[in-house]
Structures are given as structure tokens and as C-alpha cells.
Amino acid sequence: MSGYRLAQGGLIDRSRAFTFTFDGQRIVAHPGDTIASALIARGTRLVARSFKYHRPRGILAAGAEEPSALVTVRSGGRREPNVQATMAEAVDGLVVESQNRWPSLNYDVLAVNQLAAPVLSAGFYYKTFMAPGQKAWMRYERAIRRAAGLGIASGEPDPDRYEKRAAHCDVLVVGSGAAGLVAATSAAAAGLSVVVAESDPRLGGALNWSGATIDGLPAAEWAALRTGALAGRENVVLMPRTTVYGYFDDQQLGAVERVADHKLAPEGHEPRQRHWTIRARHVVLATGAFERTLVFPGNDLPGVMLASAAERYALAFGVAVGRSVVLFTTGDSGYRAACNLAVAGVAVSTIVDARDTAPEALAAEARAHGITVRAGMVVAKAMGRAGVARVALADTEQPGHIVEWIPADALLVAGGWSPVVHLASQSGGPPRWDERIKAFVPGVPRGAWTAAGACNGALSLAEAVSSGSEAGSTAVAACGATARAMPCPSIVHDEGDPAATLALFEIESGYGKAFVDLQNDVTADDVRQAHVEGYVSVEHLKRYTTLGMATDQGKTSNVPALAIMAKARGLTIGEVGTTRFRPPFTGVALGALAGREIGAHFKPVRRTALDDWHLANGAAMGNYGLWQRPRAYLRVGEDISAAYKREAKAVRGGVGLVDVSTLGKIVVAGPDAGTFLDRVYANTFSTLAVGRARYGIMLREDGFVFDDGTTWRLAEDRYLMTTTTANAAAVLQHLELWLATAWPDLRVRVASATDQWGAMAVAGPQARAVLAKAASGIDWSHAAMPPMAIRHGEIAGAPVMACRLSFSGEVAYEIFTGSGHALAVWEALMQAGASAGIVAYGVEAMGALRIEKGHPAGAELDGRTTLHDLGLDGMASKKKQYIGKALMSRPVLTDPSRKRLVGLVSLDGTPVRGGAHIVAGPAMNGQLQWQSQGHVTSWTWSPVREGYIALALVERGPERHGERLYAADPVRGAHTPVEITSPIFYDPQGVRQNA
């Protein structure tokens, strides 16, 4: 044995070796090693510091249940903190750092916190930091923030790529141990599509390091054959390195595949991780069980480890966890671990069995390996400076009376087994206590799933295989298929009875701190203190003590803590119950959740069908919602301000053309479409005639304005709703929500048609003449096409749908055509209007025109305004019910003193910018008079008034027309005198637009 690496055995590739660094020290590893196994092989016991007391911590487990050995891996933008060393595969050149220590792991200054333990007990966070307004807070806040957390994330951008995929299958099997492989084989043989997800790199689970014989083969070989047979089936997908972390509604599960985490960096176009959304008709949960630790003084020392973990390190990685090992057990499973370790070459000196009588056959086998068996004894304390050095034994009935000290450099604990019920808890009733195995097992399913194997309390290999077969048959039947008869594997495995466990969770010897949660430094006394202070509910216990938080999530700490609380309350563990486990089961990288939807892909840039034309004709583009739209079309020597003023004047004096393709367009169809729109809008649409449009405004449930737009009735059972650009997606979601939850009986369907239509508005006194020249099949006269009329015709050979409507105060028409025809129609209109001086105008000029007309838009519809505020309450129907009606008339929303819509005129010729506050007085001695009476929502230069105007929300606004106030804008250094006016600056009677 070189160092702690055994001379033979394990699944590692001994023919190759490489190195990585841990805190700058060179560590030799082999392919197949984890960071944890390589550190143990080197003899490194101290790998971390605990969260609160900064106590030295070693490696407790060998899998996802590891609470202590958290490290930071890689560097730069790939730096990742809080990685379990037991789950991270060793990689050539990998940089690994310990964390939560300063200046070094061996000499951590904050270890002084151990001296302050009496004042850092349960709930000290809540008791200490309740008054951040105190001056003392300023002194200790910075230090607290530095001490908080464990690892430190990189501040650099992550250079790697992440992907998201979706999969559908008949049966999803989570876990590939004996139960999982048997269930998957049964489902696959029935012709069902099967996905098997396994968090380890190799399928087979504990079979890979089991001493069992199945069908005459070593368990690992049997697992490899079963895996190979499944891999050869077209209806089976095997997913190693994939952790299913969440079980959600409607048979949807979340999983993360670690595609390249076992490499220093992803190769080529390979993603680092891939997030899977898996929808399965039936799920088999074969997630296994975690071995439990025991609570006794010194149980947090480096060198204290789960017996099953030590067994895995020896048999799977060829590593000895110590040279003088003591094993402390409460059941039969500890004997099997001790004997397997001895066969592998690990020196196990003593088995300490808390039961009065040791199992005769297992004890005899242990003694044959030279192991001393001490029954009726417990470990009263583990001692050592940098790790376990000796172990104190006491009689089970008198744990406070030490009778013997045994030298040891590793203490293994086998406190029974806890089924991994996390996913079952997420999609089922509360876990229930099973007295037979002294553990919680899955509750009543609320989804289509079946628990199998150790996850369901079948702890022996024979039970697991039988349970897997039953689960496979259940899944096949649930999917409507016929199960094929499968031969039952023949098993040879003398493991005793894994369920034969003494209900012992804590050894109350009184010799020092005994830890329940090794990661968060929660002690047994903390649990008892929570009981004394009234935090007896399991959920309150968790939060008050921080028990089972962070990456642990109760995997090792849950049951011992519940046992201590149950004893304090005089109840059974089953009566106390357990916390409900929530996703994620293990940590999920934000990158995996985001996938490629980052940077520019987070909100993809959307461009209209006319984008190339805009750019070719001098458009200065801007972002509006998700869309790129022209702000203005710049000519030589112009800035945006000059350009939009020219464009707005051209529309008022002649004709202009604007791209409005970005308006949300939603088809509302079905026999009850009119009824549905009546309930959605404050005004009525069921009476609207076919071939007509109507302006509508919709409210939220709380009575505030949500969105506005026009809706066109194209047929008796078909409407086309338009929304504001920014709110298109939100409105569609709003409609779908109400149809799905409130009115599923309505015969209505809604669908987005925003991308299907190219849309443009022709506005100005010459609009009718230009359209008459460009289009065929439509009579544009006022008599034939009055306001809000819809007509169909052709422009440039393309079918178009036109509606006469105006937001500018001019005669105006919106022209809709298929997106593929938009450019041809646009160019035909520009050509037809050339003699009339037509201009293309952008969003800035469009805003100027609508402000002059007093039309509220996005800045006024900010989620805080009502119909009353905007002067639109006359639109609301008094004859029907609709969303928001019940709450829109609350006195507070109709109070005359509310801020209401008004117009503002600048009195000194300077801009009145959005966001400025309306105040009574001028600036005096450099000080603003700051009694805000409202604020500016939108502003522009008015081509009609040839000066700056604005819309604003001002207290009692309509009563104050003619009053002079000030627009205070200290951010931009302005204090502009203004006069309150009507918000309609242009053609208040609508003569021009109705001409």
C-alpha cells in the first residue's frame, strides 16, 4: 500500500496517473478517482472548515450526502465554489481549493469562533441582528458579510456554454442500482420507451463495489451485462452523470447532465452541463438509501466516516481510509462493511456494536478476519487534534462512564439507513415512519410513480431485486402495456439483515459537543434549545437552527435531529414527522437553468420584416420591448431631435408612413369569443359589427389599467386583438390564464399572430390620396370607409387588410399584410406618396403626435393608474361584469385628490423631461421646493405649438387647468416653469381625424 492507496482493487485505471493541486499541493490521481478518493489516497484528512465555528472537517461520505468536504474547483471564469469533493471527478491539471478559511486551512483565524460557542447557539442570528439601525451595526456589518457563506464565486464571466433539452418517455427510472436495472429491463422488454438516469459516471450503483454474486457472476459484472443489454435497445436511453433534482407537476422532472465536468474544460462546441426537462408517463424511483451517522462527542473530527463510504472507497477506488480502523454500528450492515474492508486490505481492529448481542454468524466472520467484536458498547467520544487518534468506549447503558480507549486513525459509523425520499416527497404525501427499518419511507404518491429498492425500504439485495421487478411491472401496466415474464436473478450475498438496526441516534455521554449537522454546526444541544424556546415543529426547527440547509438538505442530519426532538417532546419520531423535501435534491448551476438564454439570447433581438429597409434609409434604431424599431430617419447633418421634429411636421402637413409591425396581435376565435372579450375589456365587444374595430382597454383584477389597443372583428366568431408592443406576451398570458382557470367552459381559443402580420400606418391629410393611388379593391372615401371600418384589397399585388383608425389626430389607416409581403407593400406606398412628400417616420415622431393628441401610452399605463386617473372612466361599461370592475370603484381609486392626467406646456422654452416632479415653487438659493404634487410621464417637442409639451399625472389635475407650477428635475439640473392644460393639445373635437 503506497500512502493509503491499496495495492489492488477498485474501478480506477491504475495504468495511468495524473496530478491536480489542492491548496497548491500536488495530488496524484488515477482516471476514475474523485477529488475525495485522491485526497484520502494521499492521506489528506483535513479538507474543509465548518460554517459557523470553523471547526476542522474531513470527508464523511462518498456521494451526494457529503455535508463537509466542500471545495472550490477551477479558476477564473470557471471557478465553482461549494462543490462536493465526493461528487467531483479528479481531472488532470485541476485546481482545487479549500474554502471558508483564512489565511489557510491549517491555520484559520476564525476558528476562534469556537471560543464564542456559548453565544453562537441556535437562533443567535435572529437574536443578534434584529436592530440594524443601531450604530453598532455599521461596525460589525462588514465583518459579518465577509464571514458569511462558504465558497467565493468568480466575478468573471463564465466562458462555458450550457444547454437545455427536453425528453419524453413512457418510463423514467431514477437510479441504476439493482432495483433500477431490473425495473428498466422489465419496462424495456415490454416495448416501452425508457430513460435511465444515474448520477454516477458508471451505471450499477452499489453493485459496482458489492461483494455479492448474482446469477453466478460478481455483482459488478452482472450490472455491466444488464447495462450493456439496455444500451443495445433502441427504446432505451441511458444517462450517466445525470442527477434528477426535482419532481414537478404533470409528470415533469428536472435533471442536470454533467457533460464535461469530468474534464478540465469542455471540448469544441461541447456544453459543460445540459439541463433536461423530462416528461414521463410513469416514474420508478430507485434512488437508494443513505447510511446514517451517529451523534456523539467528537463525531465531527476528520477521520469519522460512514462505514458504507469507507467500503466504497476501498472497493471502488482502491483506497484505505485508515491504518487502524474502528467501526461503530447499531445494526448488521456494519459487519458486512467491516468484513469487505478487511478482505480489501484495510486494517479494521474493532467492531463496536451498540446492541446487547452481536449476530453470531456475522461476528464469527469478523473474528475470522482478526476483528475484535465489542457488543453492548458505544463510542462515548472520539478524540484527536487534527483528526481521530483514539476512541473512548462505554457501556450502552452507561454512556457517561468510559471503560476503554482504543487507538484509531479512522472511526466508521453505521447508524442505519435512510431511504432517499426527496423526489418522492416532492410529488407525494409526507414521508411515513417505518418502524421495521427505523426510517422514513415514501408517502402516498400524488403522481404516477413507484418507489423501488432501498428507496422504498427494501434494504437487502434480494429485496431490492424483487422490489425492482414489481415496480417494473407496475410501470408497464400503468402505461397500458403487457409485462413479459422475467427470470428472477439468483443472489448469493450474506449481508445479514440490513433492517436489523437498534433505534439509537445519539450517545449522550456528556463529553463535549455532539454534532447533528456537520455543515452548519448544529449540535444536539441546539435541537434541545429549540425545543425549550418553542420551536418544536420540524419546519421551525430547521429554520431556527439552520439544520439541514445549504447543500445538505437533511441527507445526513435529518433523522438524528428528529429523534432528539422526539425524545424532548416525549413522542415517537413518526409522530414528530419530517420536513418536506423540496427541489433541488442537489445544487444546480444557474448556468444550467439558463442554458443559452444569456446575454443577447436572454431577450433575443426581434426585427420586423422592414428592418433592412429602415437601416438602408438612415434609421437610428432603438430597443422597444424586444424589438428593434426606428427612432427616426436621419438625414445629413441631423441628430435624432432634428429628425423627429421634421418627421412630425411632415405628418401634420402632408403624409407619413410608420412601421407598426411590433404591435401585439392576438387571434381570439370561437363561438364565445365576444363573450370572452366582454369579460376581458372594460368596454363591450360582443355588439361590435363584423368589419369594424373598436378601441378597448383592459384592467387587472385590482382595478388598475393593464393594457390598451384596438380589436377588429373579422367574422362572427373571430377577432384580431392588438396590444402595445411591450405588453404583447403579458396580455397573451393573461388571456390564457383566465381561460384556463376561470372560464374553461367558454368555447374560445387564443393564439399569437404578431409575427404573421407586417403592419404599417399611413397618417396625415394626404393619407387617403396616397392609399387611393397605391391600392386596389378599396374605396377610401369617408362615406365608404368611416372611422374604425375594416376593408380588404390589394397593394403591389399583395392582399392587405386596412382599418381606418388614428392615434395621431390625423386621418390615418393601419395596413396589415402577410410579413412576406410587407416590404413590397411598404415600397409601393412610398412610391405612391412621393409626389405628396411622404416621409417615413419613427417612434420619436409617433410619440410626439400621440402626446399632442393626448393619447396615454406605456408611460401612462405604468400599472399604477386607473381609468379615472386617465380620464377614460366613461369607457367602462355599467351593464356587464369584467375583470377589475369590482375593485376599480374603490374610494381610494376614485378619490378626487388622486394624481390624474393633464397636459403641461413649458413656459420658458426648455424641455419638460419625463420623471420630473411637479412642485409649487421655484428654486430658491439653490434649494428646490420639494413637495411633489405629481410627475411628468411623457414629453416632446410639439410641431403644432412649436414648443415643448408633456403629459403628467398631477394631484386633482383636471381642476387645475391654467395653474402655473414647476417641473423639478434635479438629476438633470432643470427647474422649468409650466402651465397645466388639457392633455389634448391638438384638435380636441376630432375634426381632422374624422374628415
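One structure accompanies this document, and this report is about it. (Residues numbered from 1 in each chain as written. Predicted model: local features only at pLDDT ≥ 70, side-chain atom pairs only at ≥ 80, totals over all residues. Heavy atoms only, no water.)

## Looking at the overall build of the chain
Looking only at helices and strands, one finds 25 helices and 52 strands in the chain. Each principal axis of the C-alpha atoms in the chain carries an extent, and together these give about 110 × 75 × 55 Å. Each of the 995 residues in the chain was classed as buried or not, and the buried ones make up 56%. Partitioning the contacts of the chain with sequence separation of at least 6, the portion at a separation of at least 24 is 66%. The positive charge centre, built from 99 side chains, and the negative charge centre, built from 94, are 5 Å apart in the chain. (Helix = DSSP H or I, 4+ residues; strand = E, 2+ residues; numbered from the N terminus. Buried < 20%, exposed > 50% of the residue type's maximum accessible area, 1.4 Å probe, protein only. Contact = heavy atoms within 4.5 Å. Lys, Arg positive; Asp, Glu negative; His and termini not counted. Charge placed at Lys NZ, Arg CZ, Asp CG, Glu CD.)

## Quick look at empty space enclosed by the protein
Applying the stated criterion across every chain yields a total of 5 cavities of 30 Å³ or more. Empty space within the second largest cavity amounts to approximately 140 Å³. Around the second largest cavity, the lining comprises 18 residues; the ones closest to its centre are S418, P419, G554, N558 and V559. At the level of secondary structure, the elements contributing two or more residues to the lining of the second largest cavity comprise β25 (417-419), β27 (439-441) and α13 (558-569). It is α13 that contributes the most residues to the lining of the second largest cavity, 3 residues altogether. Of the residues contributing to the lining of the second largest cavity, the split by class is 9 nonpolar, 7 polar and 2 charged. (1 Å grid on protein atoms, 1.4 Å probe; cavity = no way out; pocket = protein on both sides within 12 Å on 5 of 7 lines; lining within 4 Å. Points joined across faces, edges and corners; volume = space filled by probe spheres on them. Nonpolar A, V, L, I, M, F, W, Y, C, P; charged D, E, K, R; others polar.)

## Points about the sheet that holds strand β11 (residues 217-218)
Within a sheet, each strand pairs with its neighbour through backbone hydrogen bonds, oriented either parallel or antiparallel. As summarised here, the arrangement of the 3 strands in space is β11-β10-β29, forming an open sheet in which the pairing is antiparallel. Of all the strands in the sheet, the pair left with one neighbour each is β11 and β29 (491-492). The pairing of strand β10 (residues 213-214) with β11 spans 2 bridges and is classified as antiparallel. Of the residues in β11, the one forming a bridge with T213 is P218. (Pairing = 2+ DSSP bridges.)

## What to know about the sheet that holds strand β37 (residues 692-699)
Strand order in the open sheet formed by 5 strands is β37-β38-β39-β36-β40, and the pairing between neighbours is antiparallel. Edge positions in the sheet fall to β37 and β40 (749-752), since each has one partner strand and no second. Pairs of neighbouring strands in the sheet enclose a mean axial angle of 25 degrees, with direction left out of account. As paired elements, β37 and strand β38 (residues 705-715) share 8 bridges and run antiparallel to each other. Each bridged residue has a counterpart across the sheet, and for G696 the counterpart in β38 is G709. (Axes fitted to C-alpha atoms, helices over the stretch in contact; angles between N-to-C directions.)

## Here's the deal with the pairing of strand β19 (residues 348-353)
Along any regular strand the residues' side chains alternate between the sheet's two faces. Counting buried positions over the 6 residues of β19 gives 5, a clear majority of the element. Sheet analysis places strand β18 (residues 325-329) next to β19, joined by 5 bridges and oriented parallel. By the bridge assignment, L327 is partnered in β19 with I351. Note on the crossover from β18 through helix α7 (residues 333-344) to β19: the handedness is right-handed. As paired strands, β19 and strand β20 (residues 372-375) are joined by 4 bridges and run parallel to one another. From the neighbouring strand, V352 faces β20, where its bridge partner is R374. (Right-handed = clockwise from strand over helix to strand, strands pointing away.)

## Remarks on the nonpolar core
If you look at the biggest cluster of nonpolar residues, it comprises 86 residues, and the most contacted ones within it are F296, Y313, F328 and L411. Looking at this core element by element, the count peaks at 7 residues for helix α6 (residues 307-317). Within the second largest apolar cluster, 33 residues are counted, among which are A774, I778, Y813 and A840. (Core = buried A, V, L, I, M, F, W, Y, C linked by side-chain atoms within 4.5 Å.)

## Quick look at unusual backbone geometry
At the junction of W102 and P103, the peptide bond is cis and its omega measures out at 5 degrees in the coordinates. The linkage connecting P583 with the following residue, P584, adopts the cis geometry, with an omega of 5 degrees. Relative to the helices and strands, P584 resides in the loop between α14 (573-576) and α15 (590-594). A positive phi angle, close to 50 degrees, is found at D23, a residue other than glycine. Mapping D23 onto the fold places it in the loop between β1 (18-22) and β2 (25-29). The phi angle at R241 is positive, at roughly 55 degrees, despite the residue not being glycine.

## Side note on the packing of aromatic side chains
Per the counting criterion, the structure on display carries 17 aromatic pairs. Aromatic side chains Y535 and Y544 sit 3.9 Å apart centroid to centroid with 10 degrees between the ring planes, which places their arrangement in the stacked category. On the basis of an interplanar angle of 75 degrees and a centroid distance of 6.1 Å, the ring pair of F676 and W743 is categorised as edge-to-face. With F676 in helix α18 (residues 673-680) and W743 in the loop between α19 (728-741) and β40, the pair connects residues that are 67 residues apart, well separated along the chain. Each member of the pair, F676 together with W743, is buried. Members of the aromatic cluster, joined through ring pairs, are W613, Y633 and W826. Of note, K555 hangs over the ring of F585, and the distance from its end group to the ring centre comes to 4.8 Å. (Phe/Tyr/Trp six-rings, centres within 6.5 Å; stacked < 30°, edge-to-face > 60°. Lys NZ or Arg CZ within 6 Å of the ring centre and 35° of its normal.)

## Examining α13
With 12 residues, α13 should cover 16 Å at 1.5 Å per step; its first-to-last C-alpha distance of 16 Å lies within 8% of that length. Of all 12 residues in α13, 9 are buried, a share of seventy percent or more. Listed in full, the buried residues belonging to α13 are N558, V559, P560, A561, L562, A563, I564, M565 and A566. One or two residues past the end of α13 sits G570, with phi positive at roughly 70 degrees. (Expected span 1.5 Å × (residues − 1).)

## Details of the environment of E539
Assignment of secondary structure puts E539 in helix α12 (residues 538-545). We classify E539 as partly exposed; its relative accessible area is 25%. Taking the C-alpha atoms as reference points, E539 and A592, separated by 53 residues in sequence, lie 29 Å from one another. If sequence neighbours within four positions are ignored, E539 has contacts with T579 and R580.

## Examining the packing of helix α4 (residues 178-189) against helix α5 (residues 219-231)
At a minimum axis distance of 11 Å, the contact between α4 and α5 shows a crossing angle of 30 degrees. It follows from the interaxial angle that α4 and α5 lie roughly parallel. α5 is crossed by α4, and the crossing has left-handed handedness. Facing α4, whose interface residues are L181, V182, A184, T185 and A188, α5 presents W222, A223, R226, T227 and L230. Class assignment of the residues belonging to the contact of α4 with α5 gives a composition of 7 nonpolar, 2 polar and 1 charged. (Parallel < 35°, antiparallel > 145°, perpendicular 65-115°, else oblique. Left-handed = near helix turned anticlockwise from the far one by under 90°.)

## Here's the deal with the side chain of N558
Relative to the assigned elements, N558 resides in helix α13. At 2.7 Å, the side chain of N558 and the side chain of T578 are in polar contact. (Polar contact = N/O pair within 3.5 Å; in protein donor to acceptor, adjacent residues only side chain to side chain.)

## Observations regarding helix α10 (residues 461-478)
For α10, built from 18 residues, the straight-helix expectation of 26 Å at 1.5 Å per residue is met to within 8% by its first-to-last C-alpha distance of 25 Å. Among all positions of α10, only L461, A464, V465, S467, G468, A471, G472, A475 and V476 are buried. Its buried side turned inward, α10 meets β8 (162-174), α4, β10, β15 (273-285), β28 (449-451) and β29. At the exit of α10 stands G480, carrying a positive phi of roughly 80 degrees.

## Quick word on the pattern of salt bridges
By the definition in use, this model includes 49 salt bridges. E844 serves as the salt-bridge partner of R631, at 3.1 Å between the closest nitrogen and oxygen. Here R631 is found in strand β34 (residues 627-633), whereas its partner E844 is found in helix α22 (residues 843-852), with 213 residues between them in sequence. Exposure remark for R631: the relative accessible area of 29% places this residue in the partly exposed category. (Salt bridge = Lys/Arg side-chain N within 4 Å of Asp/Glu carboxyl O.)

## As for the pairing of strand β45 (residues 812-818)
β45 sits mainly inside the fold: 6 of its 7 residues count as buried. Bridge analysis of strand β41 (residues 757-763) against β45 gives 7 bridges, and the strand direction is antiparallel. Along β45, the bridge assignment pairs W757 with G818. In this sheet, β45 lies alongside strand β44 (residues 798-804) in antiparallel orientation, the contact comprising 5 bridges. Within β45, the position partnered with C803 by the bridge is E814.

## Observations regarding the packing of α4 against α10
Working note: a packed helix pair is described by the angle between its axes plus the distance between those axes. Two elements in contact, α4 and α10, have axes separated by 7 Å at closest approach and are oriented at 30 degrees. By the angle class used here, α4 and α10 are roughly parallel. The two elements α4 and α10 meet at a crossing, and its hand is right-handed. Between α4, through A178, A179, V182, A183, S186 and A187, and α10, the contact on the second element is made entirely by L461, A464, V465, G468, S469, G472, S473 and V476. For the contact of α4 with α10, the per-class residue count stands at 9 nonpolar, 5 polar and no charged.

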